[in-house]
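Architecture and fold: a report
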Amino acid sequence: MNRAIQSRPQRLGRLPNGGLGERLRTLRVNAGLTQTDLAGERFSKEYVSQIERGKTRPTQETISWLAERLNVDAGFLASGVAADERGRIEASLARAEALNQDHQYAEALEVFSTILPSIVGIAATELELRSLIGEAWARMRIGEIKEAVELLTRARGMAEDAMFSDVDRAEILFRLGACRVELASIQTALGLFNEALALAEQSELPCDRLRAEIFGWRSRCYRRQRDYEAAREDLERALELAQALDDPRSVATVYFHASLVAERQGQWVLARKYAEQARAQFEEIADRAAVGKLLNNLGGLSFLLGKPEEAVDQLNESFRVLLEYGSEADAARAVSSLAQVNLRTGQVEPAEEQARQALKLLGGRVDLVDEIGNAHLVLGRSLLEQGRLDEASDSFDSAEQSFEQFSSVSHRASAWIAKGDLAARRGQDQVAAQLYRRAAEALQDFRF
């Protein structure tokens, strides 16, 4: 007859943390049981022996049954850590993910770095995957795109394990796609988003929030390609999903990007309507950084609608809010917009100062080459208006170099037009004509 299983829980200190089989053997011996005793009538002695020697990996159900027989925590038997310790790690991981959601990326990275050794130590693969994905997102947001891609590539390899679902794999592909958008690799990003969407939809698992995010980011790619109809369709799908989830943040994000699409199409009143709707939603959830970004968008629209004074007020407020609640990159976008408004209203000296401030805040980030190019362009034009032609030439060269990295014909054409204006100012009419023709031909090829 089998020996009775001890009813008093075992003390878990000083037990080996090398592997499940080693822990099982130690716990069994400490309980005074043979392999036959532990197997009971459910398993054979040989099966228990195989587990202890690492020859087979039991199912979660079997681990729970063995843990109950040994009066220990199932989580400790499986991973070498008790449920309360795992709970502490999971709580820290959830905090890091919440910091990401709140745009506090530097603080999130600190938490991810702190908990990673603990996660690796307990061999919790699913937690490690979450940590890699979360850390990658934070790094992408602060401009460390290469590091983010490396982390997501690691996560992609891990997610091939059968323990993970197609939704897990879709999320990783989605985030890789977002990194490619930041690197201006739009065609690659589109391929990743399409693959992610296919995986999410074939999984038949609840993932509407992820699908909404994929549609939202894919619409950015279409917008960059000037396929505004495709961008609008994706935003409609994203909005439908976000509203069904009753998720104010997702709804606000969709309205924000719908505003950008309407602006690109010259529908400025509609763009302002969407921007105001997004702003109201972000204010409702107290997302000050997002409100700051919307104020930047609204400032640009106010200027386009013939309200320069209102635009300046909104852009100054945007800059103030983003310096306090957003990132330096977001603040740089706001002050760059302010520089453009001042340039167009003839305030060339403030425009120069603000363009230089934007460049300082942008700091040469590889994911912001379009913003860097725009700031150089505004700086160059402000210098041109002040008669500082050599300095303007240097700024226009820098703008063109940035736009070459961005792979945007329309942006490069704007640099050629600026260079044409400089050549005309110098009396170099032939050079100016060549530059204007080059810009016109490039834009014609791009449009048709």
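Rules behind the numbers
- Residues numbered from 1 in each chain as written.
- Predicted model: local features only at pLDDT ≥ 70, side-chain atom pairs only at ≥ 80, totals over all residues.
- Heavy atoms only, no water.
- Helix = DSSP H or I, 4+ residues; strand = E, 2+ residues; numbered from the N terminus.
- Rg over C-alpha atoms; globule rule 2.2 N^0.38 Å.
- Buried < 20%, exposed > 50% of the residue type's maximum accessible area, 1.4 Å probe, protein only.
- Contact = heavy atoms within 4.5 Å.
- Expected span 1.5 Å × (residues − 1).
- Polar contact = N/O pair within 3.5 Å; in protein donor to acceptor, adjacent residues only side chain to side chain.
- Salt bridge = Lys/Arg side-chain N within 4 Å of Asp/Glu carboxyl O.
- Core = buried A, V, L, I, M, F, W, Y, C linked by side-chain atoms within 4.5 Å.
- pLDDT = per-residue confidence, 0-100.
- Axes fitted to C-alpha atoms, helices over the stretch in contact; angles between N-to-C directions.
- Parallel < 35°, antiparallel > 145°, perpendicular 65-115°, else oblique.
- Left-handed = near helix turned anticlockwise from the far one by under 90°.
- Nonpolar A, V, L, I, M, F, W, Y, C, P; charged D, E, K, R; others polar.
- Patch = residues over 30% accessible without salt bridge, like charges linked within 9 Å, V, L, I, M, F, W, Y side chains within 5 Å.
- Areas by Shrake-Rupley, 256 points an atom, 1.4 Å probe, with all protein chains shown as cover.
- Lys, Arg positive; Asp, Glu negative; His and termini not counted.
- Charge placed at Lys NZ, Arg CZ, Asp CG, Glu CD.

**Topic: the overall build of the protein**
If you tally the helices and strands in the protein, you get 23 helices and zero strands. Over its C-alpha atoms the protein spans a radius of gyration of 29 Å, topping by over 25% the 22 Å that the globule rule assigns to 448 residues. Seen through its C-alpha atoms, the protein measures out along the principal axes to roughly 105 × 40 × 40 Å. Burial statistics for the protein: of 448 residues in total, 49% are counted as buried. By sequence separation, contacts in the protein at least 24 residues apart represent 55% of the contacts at least 6 residues apart.

**Observations concerning the side chain of Glu128**
Of note, Glu128 is situated in helix α8 (residues 125-141). Judged by its relative accessible area of 19%, Glu128 is buried. Among all residues touching Glu128, those that are not within four sequence positions of it are Ile119, Val120, Arg154 and Met158.

**Quick notes on helix α13 (residues 228-245)**
Given a rise of 1.5 Å per residue, 18 residues ought to cover 26 Å, and the 26 Å separating the end C-alpha atoms of α13 matches this to within 8%. Within α13, burial applies to Tyr228, Ala230, Ala231, Asp234, Leu235, Ala238, Leu239, Leu241 and Ala242. Residues of α13 that are buried sit in contact with α12 (208-224) and α14 (248-264). Positive backbone phi, approximately 55°, marks Asp246, located one or two places after α13.

**A word on the environment of Ser250**
Mapped onto the fold, Ser250 is located in helix α14. Accessibility expressed as a relative area gives 16% for Ser250, which makes it buried. A distance of 2.7 Å separates polar atoms of two side chains, one belonging to Ser250 and the other to Asp247.

**Some words on the pattern of salt bridges**
Going through the model one piece at a time under the given rule, you end up with 33 salt bridges. Arg211 is the salt-bridge partner of Asp208, the closest N and O atoms lying 3.0 Å from each other. Taken together, the residues span about one helical turn, with Asp208 and Arg211 both in helix α12 at a distance of three residues. Accessibility expressed as a relative area gives 32% for Asp208, which makes it partly exposed. Close ionic contact of Lys419 with Asp397 constitutes a salt bridge, the shortest N to O distance being 2.7 Å. Linking Lys419 in helix α22 (residues 409-425) with Asp397 in helix α21 (residues 389-406), this pair joins segments that are 22 residues apart in sequence. One salt-bridge network, in which partners are shared between bridges, spans Lys293, Asp330, Arg333 and Glu371.

**Notes on the nonpolar core**
Counting residues in hydrophobic clusters, the biggest one holds 71 residues, and the most contacted among them are Leu129, Met140, Ile172, Phe174, Phe193 and Trp217. Other than its neighbours up to four places away in sequence, Ile172 contacts Leu129, Ile133, Leu152, Ala155, Arg156 and Ala159.

**As for the confidence of the model for the protein**
It should be kept in mind that the predicted coordinates are not to be read in detail where pLDDT is low. Predicted confidence across the protein gives a mean pLDDT of 90, with 94% of residues reaching 70 or more. The least confident element of the protein is helix α5 (residues 74-79), whose mean pLDDT is 77; the most confident is helix α10 (residues 166-182), at 97. Across residues 1-17, where pLDDT falls below 50, the model places 39 contacts with residues more than four positions away in sequence or in other chains.

**Quick notes on the packing of helix α16 (residues 288-304) against helix α18 (residues 328-344)**
Orientation of α16 relative to α18, taken along the N-to-C sense of each, is 15°, at an axis distance of 9 Å. Here α16 is positioned roughly parallel relative to α18, judged by the angle of their axes. α18 is crossed by α16, and the crossing has left-handed handedness. Taken together, the residues of α18 that come into contact with α16 (itself represented by Lys293, Asn296 and Phe303) are Asp330, Arg333, Ala334, Ser337, Val341 and Arg344. Class assignment of the residues belonging to the contact of α16 with α18 gives a composition of three nonpolar, two polar and four charged.

**A short note on a negative patch on the surface**
There is a patch of like negative charges on the surface, built from Glu276, Glu309, Glu310 and Asp313. Examining the composition of the negative patch, we find that three residues originate from one element, helix α17 (residues 308-325), more than from any other. Here Glu276 lies in helix α15 (residues 268-284). On the basis of relative accessibility, which here comes to 36%, the residue Glu276 falls in the partly exposed class.

**Here we look at the side chain of Lys419**
The exposure class of Lys419 is buried, given its relative accessible area of 18%. If we ignore the near neighbours within four places in the chain, the residues touching Lys419 are Phe396, Asp397, Glu400 and Leu435.

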